[in-house]
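Architecture and fold: a report
Here's the letter readout for the chains.
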Amino acid sequence: ISIEAPYELQLKNVHYTYPHTRKEILHGINLTIKPGEKLAILGRSGSGKSTMASLLRGDRIPTEGTVTLNNINTSKFGDQITNYFSVINQSPYLFNTTIANNLRLGNEDATDEQLWDVLHRVGLAEMVESLPDKINTKVEEAGLRFSGGERHRLALARVLLKDTPIVLLDEPTVGLDPITEQAVINTILTQLKNKTLIWITHHLQGIEKMDQIIFLEDGKLAMQGSPDQL
Ligand code: ATP
Ligand code: MG
């Protein structure tokens, strides 16, 4: 499947119940995420935020209703969804290989110059410059030196290399101190300025910069609007 910009995501009357369970988790969600929109998804633990994320990525199929990217069900894309969609989770995973290899997971053809470019953009160039083998340092060897914030920045660098039009952040700054968190959020918002950004978060820091905010409550949209309206 190949689709072209602009990219619009749409949920129509989406219900979801996990297989082999009885309890419905999402109860009729309607939402449009416009091209380039910055959307924050808020809600208590267990309200269904990550479930909604897996439906958006097409990892799960709604039990009723549709989730579409440019009018095609997201579940139909299979692995090709990764051409359009990248994700940063709570604890970004680093593989036990070099920094360069970890970054090239986003784009295997990336040149060293491109790697340094994204490292600059996420504010890690200086740190990597100081390592003995620079981008060829194994993360295992550098492992102890990577703080939580730096791991998030590496994950973000990988996403920037991948350069997909839609980026989903599922509580990407959990476990960071407030100052590092603010710095990571600022980097994310600046570097992903032209992309569709879906940001799942527990708290309000930074959401004033978003276009649309939704509150999930027990699998329903309890509130929806721009930061000014809420
Ligand atoms: P948190 O803020 O804690 O990450 P969340 O809003 O992301 O919470 P979800 O992970 O979407 O919440 O979970 C919503 C509900 O679905 C919860 O009641 C959870 O127990 C249930 N659930 C999540 N994953 C599964 C699964 N794989 N199988 C069955 N039930 C699940
Ligand atoms: Mg979650």
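Use the structure listed above.
Everything in this summary refers to the structure shown in the same document. (Residues numbered from 1 in each chain as written. Chains lettered and ligands numbered in written order. Predicted model: local features only at pLDDT ≥ 70, side-chain atom pairs only at ≥ 80, totals over all residues. Heavy atoms only, no water.)

**A word on helix 7 (residues 178-191)**
- Between its terminal C-alpha atoms helix 7 stretches 20 Å, which fits the 20 Å expected from 14 residues at 1.5 Å a residue.
- Listing the buried residues of helix 7 in full gives Glu181, Val184, Ile185, Thr187, Ile188 and Leu189.
- As for helix 7, its buried residues are in contact with helix 3 (112-121), helix 6 (148-162), strand 7 (166-170) and strand 8 (196-201). (Helix = DSSP H or I, 4+ residues; strand = E, 2+ residues; numbered from the N terminus. Expected span 1.5 Å × (residues − 1). Buried < 20%, exposed > 50% of the residue type's maximum accessible area, 1.4 Å probe, protein only. Contact = heavy atoms within 4.5 Å.)

**As for empty space enclosed by the protein**
- In total, this model carries one cavity of 30 Å³ or more according to the counting rule given.
- Estimates place the volume of the largest cavity at around 40 Å³.
- In terms of lining, the largest cavity is formed by Leu169, Pro172, Ile185, Ile188, Leu189, Leu197 and Trp199.
- Counting only elements with at least two residues in the lining of the largest cavity, the list comes to helix 7 and strand 8.
- Considering each element in turn, the lining of the largest cavity owes the most residues, three residues, to helix 7.
- Per-class residue counts for the lining of the largest cavity are seven nonpolar, no polar and no charged. (1 Å grid on protein atoms, 1.4 Å probe; cavity = no way out; pocket = protein on both sides within 12 Å on 5 of 7 lines; lining within 4 Å. Points joined across faces, edges and corners; volume = space filled by probe spheres on them. Nonpolar A, V, L, I, M, F, W, Y, C, P; charged D, E, K, R; others polar.)

**Thoughts on the site of ligand 1**
- Taken together, 13 residues lie around ligand 1, and Ser45, Gly46, Lys49, Ser50 and Thr51 are the ones closest in.
- Contacts to ligand 1 include serine 45, whose side-chain N or O atom sits 2.5 Å from an oxygen atom.
- The separation between an oxygen atom of ligand 1 and a polar main-chain atom of glycine 46 is 2.8 Å.
- In isolation ligand 1 offers 640 Å² of accessible surface; the protein chains occlude 62% of this area.
- The biggest single contributor to the shell around ligand 1 is helix 1 (residues 49-56), with three residues. (Near = heavy atom within 4 Å. Polar contact = N/O pair within 3.5 Å; in protein donor to acceptor, adjacent residues only side chain to side chain. Areas by Shrake-Rupley, 256 points an atom, 1.4 Å probe, with all protein chains shown as cover.)

**Focus: the pattern of salt bridges**
- Enumeration according to the criterion identifies four salt bridges in this entry.
- Between aspartate 112 and arginine 104 there is a salt bridge, with the nearest N and O atoms lying 2.7 Å from each other.
- Aspartate 112 sits in the partly exposed class, given a relative accessible area of 40%.
- Taking relative accessible area as the criterion, arginine 104 reaches 22% and is therefore assigned partly exposed.
- With a shortest N-O distance of 2.7 Å, aspartate 163 and lysine 195 are connected by a salt bridge. (Salt bridge = Lys/Arg side-chain N within 4 Å of Asp/Glu carboxyl O.)

**Structural notes on the environment of isoleucine 213**
- Secondary-structure assignment places isoleucine 213 in strand 9 (residues 212-217).
- Not counting residues up to four positions away in its chain, the partners in contact with isoleucine 213 are Leu39, Ala40, Leu42, Ile207, Met223, Gln224, Gly225, Pro227 and Leu230.

**Re the nonpolar core**
- Counting residues in each nonpolar core, the largest one holds 41 residues, and the members touching the most others are Ile99, Leu103, Leu119, Val128, Leu154 and Leu197.
- Those elements giving two or more residues to this core turn out to be strand 3 (38-43), helix 2 (99-104), helix 3, helix 4 (125-129), helix 6, strand 7, helix 7 and strand 8.
- For this core, the element with the most residues is helix 6, which contributes seven residues.
- Beyond its immediate sequence surroundings of up to four residues, leucine 103 is in contact with Leu115, Leu119, Leu154, Ala157, Arg158 and Leu161.
- One finds Met52, Val67, Phe77 and Phe85 within the second-largest nonpolar core, a separate group that totals 28 residues. (Core = buried A, V, L, I, M, F, W, Y, C linked by side-chain atoms within 4.5 Å.)

**Thoughts on the packing of aromatic side chains**
- In this structure the tally under the stated criterion is four aromatic pairs.
- Ring geometry for tyrosine 7 and tyrosine 84: centres 5.7 Å apart, planes at 50°, overall tilted. Of this pair, tyrosine 7 sits in the segment before strand 1 (9-17) while tyrosine 84 sits in the loop between strand 5 (72-73) and strand 6 (85-88); the two residues are 77 residues apart in sequence, bridging distant segments of the chain. In this structure, tyrosine 7 and tyrosine 84 share a single accessibility class: buried.
- On the basis of relative accessibility, which here comes to 7%, the residue tyrosine 84 falls in the buried class.
- Ring pairing ties together the aromatic residues Tyr7, Phe77 and Tyr84, which thus form one cluster. (Phe/Tyr/Trp six-rings, centres within 6.5 Å; stacked < 30°, edge-to-face > 60°.)

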